[in-house]
Amino acid sequence: MMISLPDANGRFSDYRMSGKSVPAARLPERSARVVFSAAHVVADPFTDKDPMGSASVDWDATMAFRRYLADMGLGIAEAMDTAQRGMGLDWPGALELIRRTRQELPEALVFNGCGTDHLDPAATRSLDDVRRAYFEQVEAIQTFGGRLILMASRALAAVASGPDDYVSVYRDVLGRCDRPVILHWLGDMFDPALAGYWGTDSFEQAMETVLAIIVENQGKVDGIKISLLDKDKEIQMRRRLPAGVKMYTGDDFNYPELIAGDEHGFSHALLGIFDPLALAAAHAVARLGEGDVRAFRDTLDPTVPLARLVFRAPTQHYKTGVVFLAWLNGFQDHFIMLGGAQAKRPLPYFVEAFKLADGCGLLRDPDMAASRMRRLLALYGA
C-alpha cells in the first residue's frame, strides 16, 4: 500500500507501507520477566468542558484498552504519567480510573499510582502536609484492594531540605502500605518539578538515599522503577538492590538491553512505551522465556527508534505520541486528548511515528492506519 507523506518542508513523496505485523502472543503465568504497560486514557471528545478543566474520560474505550493489555498477560501500571496523571488527569479522576480498572479486571496484575498530586506544591508548608497527602491516597487505593506504585511527589521536592526528609517521609508512608509497593524514581526530564529529588542533584548521592530507604523498609518494597533514560545508572543501582527487590526499567530508550540483562542480572519492565508496543512486548518476552534471546532482541531492537522519537525532548509530551499510535491502531475513534495534549507535537513527528510504527509491524490494520493518517494530514491542510 502507498501513502503520500510530507517532509518537514511540506514536500510530499510516496511511502510504501511494509505489510509487516508482530505475531500475537500471550505471556505465561510464570513469565521470564514481570512486564507492566503504563496505560493511557481515552478522552471524551464530545464533552462540553474546556480542555484545561477537569478530565472527561471515555470510560468504555479506556477499559477496553486495559482488557486488551490483560488478555496478553501484561501487567497494567494504572493512573501513572502515561494516563496524563497531573497533566490532565487529576486525583479524583485517577481514583475513579483505579476503581473502574479494579472492578473490570479484579484478577489482573495491576499496580496503581499513588502520590500527592491533589496537594498544591506552592501551598505546601511542611513535611506533614506531604505525609497526610500520601496517607490519603494510600488509604483510598487500598480501600479498593489496589496495589501501589509510590509516585514521586512535587510537593515533597518543594519542601524537603535534604535526604533525611525523604527517608523520614517514605518510612512513614511505607508504614501505611498493606502490601509491598513499587517505588518510582522519575527523572526531571519527565517532570522538571522533580529536579533534585531525594535531596540532591548527584545521582550517586540520590542512589544511596534510595537504597537506604529500601534496606530499612525491605519488607514493604516489591521493587523500584527508574525513569532516568540512562542505562548505566540503572545497571549500577540494579546490582546493589537487596535480594528479592526487583528493578523495573523505566528506560524507554534502552529497554531491550536492560530487560535481556547480563551475567549479573536483569530488569523487569514498567514502561510507557509498552502501551503502543504491547504486542511486541508480549511476543518478545514470551520468546525470551523460551530461551530465544535472539528472537527477543529481533522483536524489540527495531522498536527503539520509534521509542526514542516518542520520548524525545521535551520528554513529558511523550503521551501525545502514545495516544496518536493508539488512534492509528483503532483503540479510540479520535485523536483528542485530555488538556488538548494532541497539539503538543508537530506534524513531522506524527509522520515519522507513522513510518516507524509501520516498519516495526505495529500497525494492526494498515488500511485503517493509512486512512487515519490521511485524515490527520487533511487537518493540517494537506
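Predicted, not measured: the structure shown is a model, and the values here were computed from it.

Engineer: Can you help me understand the pattern of salt bridges in this one?
Structural biologist: On inspection of all chains with the given rule, the structure shows 21 salt bridges. Two residues, E216 and R171, come together in a salt bridge whose shortest N-O distance is 2.4 Å. With E216 in helix 6 (residues 203–216) and R171 in helix 5 (residues 163–175), the pair connects residues that are 45 residues apart, well separated along the chain. A relative accessible area of 41% means that E216 is categorised as partly exposed. R171 gets classed as partly exposed once you look at its relative accessible area, which sits at 35%. As a salt-bridge pair, D262 and R238 come within 3.5 Å of each other at their nearest N and O atoms. Residue D262 is found in the loop between helix 8 (255–260) and strand 10 (268–271), and its partner R238 is found in helix 7 (residues 231–238); the two are separated by 24 residues along the sequence. Of the residues examined, R238 reaches a relative accessible area of 10% and is grouped as buried. Three or more residues joined by partner-sharing salt bridges are found here, namely E96, R99 and R100.

Engineer: Looking at this model, I keep getting lost on the pairing of strand 3 (residues 35–38). Mind explaining?
Structural biologist: Neither face of strand 3 is exposed, since V35 and S37 on one face and F36 and A38 on the opposite face are all buried. Bridge count for strand 3 against strand 10 is three bridges, and the pairing is parallel. Each bridged residue has a counterpart across the sheet, and for V35 the counterpart in strand 10 is A269. In the sheet, strand 3 pairs with strand 4 (residues 75–78) via three bridges, with the strands oriented parallel. Within strand 4, the position partnered with F36 by the bridge is G75. In this fold, strand 3 hands off to helix 1 (residues 59–71), which returns the chain to strand 4; that crossover is right-handed.

Engineer: Please clarify how the side chain of S37 should be interpreted in this entry.
Structural biologist: Within the fold, S37 resides in strand 3. Beyond its immediate stretch of four places on either side in the chain, S37 contacts L69, G75, I76, A77, L271, F274 and D275.

Engineer: I'm lost on the environment of G199 in this one. Help?
Structural biologist: Note that G199 resides in the loop between strand 7 (181–186) and helix 6. You can call G199 partly exposed: its relative accessible area is 32%. Residues G199 and T209, 10 residues apart in the sequence, show an inter-C-alpha distance of 8.5 Å.

Engineer: What is the right way to look at the packing of aromatic side chains in this model?
Structural biologist: Aromatic ring pairs are reported here in terms of the distance separating the ring centres and the angle at which the planes meet. Scanning the entire structure with this criterion turns up 23 aromatic pairs. Seen from their ring centres, F36 and Y248 are 5.8 Å apart, and the 65° between their planes marks the pair as edge-to-face. In this pair, F36 is assigned in strand 3 and Y248 in strand 9 (residues 246–249), connecting sequence segments 212 residues apart. Taking relative accessible area as the criterion, F36 reaches 1% and is therefore assigned buried.

About the cut-offs
- The residue numbering used here restarts from 1 in each chain and proceeds along that chain's sequence as written.
- The predicted origin of the model limits local features to residues at a pLDDT of at least 70 and limits the giving and counting of side-chain atom pairs to 80 or more, whereas totals for whole chains, interfaces and linings rest on all residues.
- The side-chain values count all of the structure's non-hydrogen atoms but skip hydrogen atoms and water molecules.
- Every case where a carboxyl oxygen of Asp or Glu lies within 4 Å of a side-chain nitrogen of Lys or Arg is listed as a salt bridge.
- Numbering of helices and strands runs from the N terminus; a helix is a DSSP stretch of H or I covering at least four residues, while a strand is a stretch of E covering at least two.
- Each residue gets one of three labels from its accessible area relative to the maximum for its type: buried under 20%, exposed over 50%, partly exposed in between, using a 1.4 Å probe on protein chains only.
- DSSP bridges decide pairing: two strands pair if at least two such bridges lie between them.
- Note on handedness: a clockwise path from strand one over the helix to strand two, with the strands aimed away from the viewer, defines a right-handed crossover.
- Two residues form a contact once any of their heavy atoms are found within 4.5 Å.
- Pairs were defined over the aromatic rings of Phe, Tyr and Trp, the Trp ring being its six-membered one, requiring ring centres within 6.5 Å. Orientation was assigned from the angle between planes: stacked under 30 degrees, edge-to-face over 60, tilted for the rest.

Bear in mind that shape data such as this cannot, by itself, settle questions of function.
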